[in-house]
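The lines below spell out each chain.
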Amino acid sequence: MSSMEKELRELTIKDIIDRKYNSNIDIIAIGSERCANYFCKQLETILKQGLYKGLRIALVTPKVPNEYFNYLLDLILQLNKVTDIAYIVVNDYGLLYALNKRNIKNIILGRI
């Protein structure tokens, strides 16, 4: 992210929809540092409804329990195929390893 870009961090999909066409915002950051289930639901909705179109999206990932790991990784990889993810703040060593192994760029270390 350059020093001139403006980022908006929203907590709900409704907030993303409501601000989607705000021309002053360059990047929408989504995620949860605490809840893998909530984060997965956010990514599912963004992919199903095509909310990534016309936006640069940044992701803030939680620590990921084993039960969510493969599904969350798959959602991130799906989103990466359809849009340019501005950056991913990774808060989980396993996810960091998996993303690096798949050559995903723009990773920022979070609270690992």
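Residues numbered from 1 in each chain as written. Predicted model: local features only at pLDDT ≥ 70, side-chain atom pairs only at ≥ 80, totals over all residues. Heavy atoms only, no water.

### Some words on the overall build of the protein chain
Part 1: Check the secondary structure of the protein chain and you find four helices and five strands.
Part 2: The buried share of the protein chain, reckoned over its 112 residues, is 44%.
Part 3: A separation threshold of at least 6 residues defines the contact pool for the protein chain, and within that pool the share at least 24 residues apart is 57%. (Helix = DSSP H or I, 4+ residues; strand = E, 2+ residues; numbered from the N terminus. Buried < 20%, exposed > 50% of the residue type's maximum accessible area, 1.4 Å probe, protein only. Contact = heavy atoms within 4.5 Å.)

### Here's the deal with the pairing of strand β2 (residues 27-31)
Part 1: Most of β2 is tucked away: five of the five residues are buried.
Part 2: Judged from the five bridges that link them, β2 and strand β3 (residues 56-60) form a sheet pairing that is parallel. Note on β3: the bridge partner recorded for Ile28 is Ile57.
Part 3: Traced from β2 through helix α2 (residues 36-49) to β3, the parallel crossover comes out right-handed. (Pairing = 2+ DSSP bridges. Right-handed = clockwise from strand over helix to strand, strands pointing away.)

### Quick word on helix α3 (residues 66-82)
Part 1: With 17 residues, α3 ought to run about 24 Å at 1.5 Å a step, and its terminal C-alpha atoms sit 26 Å apart, in line with that.
Part 2: Considered for burial, the residues of α3 that qualify are Phe69, Leu72, Leu73, Leu75, Ile76 and Leu79. Here the buried residues of α3 occupy an arc of 165 degrees about the axis, which is enough to place them on one side. In α3, the exposed positions angled more than 90 degrees off the buried face are occupied by Asn70 and Lys81.
Part 3: If you follow the buried residues of α3, they end up packed against α2, β3, β4 (85-90) and α4 (93-101). (Expected span 1.5 Å × (residues − 1). Arc of directions from axis to C-beta.)

None of the figures reported here should be taken as evidence of function without further support.
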